[in-house]
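The chain contents come next:
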Amino acid sequence: MDPDVVEIAPPPLASTSRTRKPRKVNHEVIDVEQYHVDKMNKGKAIQDGHNPFINVANGVMPMDVDDDCTVVPKDIPTGVKVAISTNGSNPFLATPSSTTVQPQTPNVVMGPSPPSRPVNCHASASSEVVTSPQANFLRDFKRFDTVEDFSDHHYASKGKASKQHSKTWLKKVQADWKILEKDLPETIFVRACESRMDLMRAVIIGAEGTPYHDGLFFFDIHFPDSYPSVPPKVHYHSGGLRINPNLYNCGKVCLSLLGTWTGNKREKWLPQESTMLQLLVSIQALILNQKPYFNEPGYEPTKGTPSGEAHSKVYSESVFLLSLNTMVYSMRKPPKHFEEFVRSHYFVRALDIVKACNAYKDGAPVGSIVKGGVQDIEETSQSGSKKFRTDVAAFMKAVVGEFVKLGVKELQEKPKPPPVVNANTESNTANRKRSRSSSIKEFLANIGRCVFQ
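Residues numbered from 1 in each chain as written. Predicted model: local features only at pLDDT ≥ 70, side-chain atom pairs only at ≥ 80, totals over all residues. Heavy atoms only, no water.

**Q** Sorry if this is basic, but what is going on with the overall build of the protein here?
**A** Helix and strand content of the protein: seven helices and eleven strands. Burial statistics for the protein: of 453 residues in total, 36% are counted as buried. At a minimum sequence separation of 6, the contacts of the protein that also span at least 24 residues come to 66%. (Helix = DSSP H or I, 4+ residues; strand = E, 2+ residues; numbered from the N terminus. Buried < 20%, exposed > 50% of the residue type's maximum accessible area, 1.4 Å probe, protein only. Contact = heavy atoms within 4.5 Å.)

Written out as structure tokens, the structure is:
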């Protein structure tokens, strides 16, 4: 949706002791949702739902104004007292308790809005947030859509476009399409093939708080002829890496819902109840989780024990390093119909990934970094291992190299300035060389005289 806009008329100038020439002022449009304000005013904008007047007592409104700014009495509601300060400080603003660094906003005049329209002391064009083309692409990228061709699909050779399917099969696949189009979460994207309805491709974004955070994990899906009596077949794009006990380097996905692992009746595929949405969400929640070590058969009973948690920590560190390699693999060889999605995703998240890597190098436990900082102090009380810190520094070099290729300018190495050469230094060096040369010649001449004497 487009943000709401408010057209702000220039305030009437009150008479003062100084004579001013009237100025021609243009109307300005302010984007209310972005909270952008005039950069010539003082004070602080109300941002993220924070009310700077919450600590004001006795109905006194703090206002910071420029020396040349005129406050019009008639624009202030009746019964409201105004405390005016010209030093740019506001003693009534509460200090945020969060450690997150908030973006700095230009200063503005703070006061209750009059019944008519809010007033700016200076009229100027309001600033606008400029989003990157990559961010715009991701915003418009549909979570579910259909495509014409899947020539690089793992199961492309399993059928033909002209193949006829049963009504039960067709009805179930179409039902899955509708559910996915309506209910997919924000971190899962799916493409289905119109000419080959038995083929589908999905990508899952690794969740925060896990060793898979910010990564992209692709899966090729095939609906066999006996579907939905049997579950679909799923192949993971591993790049030859095993990043989870349930995801093999050959691409096999081990999950009871797929019939590739044991489980009770309710955990297995139920033809009348199970859906593709359920399958994808299960992969995200049960496989790409916070502590994948305990997915390994026989290790789950050790969960919560000192020994089990220690092994889990080491395993998660290894998983994150492999996840970095998976990022490189995906950027170099993105699956069909997701090429631009991969490039845009990593362009937008590059700095967050690098910040997380730097935090891990400094000792933060893997998976502890979220957008707001370090999560759950108690959970992350132990730092990462020394080996992990060293390995992250080595593994992230290839990732940063790919980010630079995508055009992330902040990560490009700045050229080193040429050394400053002092003219006096050059002269002194030349003099020393000439002096040394003269000394050598004189030494050799003395030797010659000694010999002939």
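**Q** Any chance you could explain unusual backbone geometry here in plain terms?
**A** One can expect most non-glycine residues to show negative phi and most peptide bonds to be in trans. Backbone torsion omega between Tyr227 and Pro228 reads 10 degrees, so that peptide bond is classified as cis. Phi angles above zero are rare outside glycine, and His337 is one such case at about 75 degrees. Here His337 lies in the loop between α4 (306-332) and α5 (339-361). Take His337: its relative accessible area is 26%, and that puts it in the partly exposed class.

**Q** Sorry, what's going on with the sheet that holds strand β8 (residues 216-222) here?
**A** Paired through their backbone hydrogen bonds, the strands of a sheet run either parallel or antiparallel. Pairing is mixed across the open sheet formed by five strands, whose spatial order is β5-β6-β7-β8-β9. The two strands at the open ends of the sheet, each matched to only one other strand, are β5 (144-147) and β9 (233-236). Taking each pair of neighbouring strands and ignoring which way they run, the sheet shows an average axis angle of 25 degrees. By the bridge criterion, four bridges tie β8 to β9 in an arrangement that is antiparallel. Bridged to Asp220 within β9 is His235. Along the sheet, α4 contacts β8 and β9; its crossing angle with β8, the most-contacted strand, is approximately 65 degrees. Here α5 sits on the sheet and contacts β6 (188-193), β7 (199-205) and β8; the angle it forms with β8, its principal contact strand, is near 155 degrees. (Pairing = 2+ DSSP bridges. Axes fitted to C-alpha atoms, helices over the stretch in contact; angles between N-to-C directions.)

**Q** Help me understand the packing of α4 against helix α6 (residues 386-406) in this model?
**A** When two helices pack together, their arrangement is given by the angle between the helix axes and the distance between those axes. Where α4 contacts α6, the axes come no closer than 10 Å and their chain directions differ by 15 degrees. The angle between α4 and α6 falls in the class roughly parallel. Relative to α6, the crossing made by α4 is left-handed. The segment α4 lies against α6, with Glu317, Phe320, Leu321, Leu324, Asn325, Met327, Val328, Met331 and Arg332 engaging Phe388, Asp391, Val392, Phe395, Met396, Ala398, Val399, Glu402, Phe403 and Leu406. In terms of residue class, the contact of α4 with α6 is built from 14 nonpolar, one polar and four charged. (Parallel < 35°, antiparallel > 145°, perpendicular 65-115°, else oblique. Left-handed = near helix turned anticlockwise from the far one by under 90°. Nonpolar A, V, L, I, M, F, W, Y, C, P; charged D, E, K, R; others polar.)

**Q** In this structure, what is going on with the nonpolar core? I would like to understand it.
**A** Leu180, Val190, Met200, Phe219, Met276 and Leu280 are the most contacted members of the largest nonpolar core, which has 38 residues in total. Elements supplying a minimum of two residues to this core: α2 (167-183), β6, β7, β8, β9, α3 (276-287) and α4. The greatest single-element share of this core, amounting to six residues, is contributed by α3. In this structure Leu280 touches Leu180, Leu184, Ile188, Val190, Ala202, Ile204 and Ile221, once residues within four positions along its chain are discounted. (Core = buried A, V, L, I, M, F, W, Y, C linked by side-chain atoms within 4.5 Å.)

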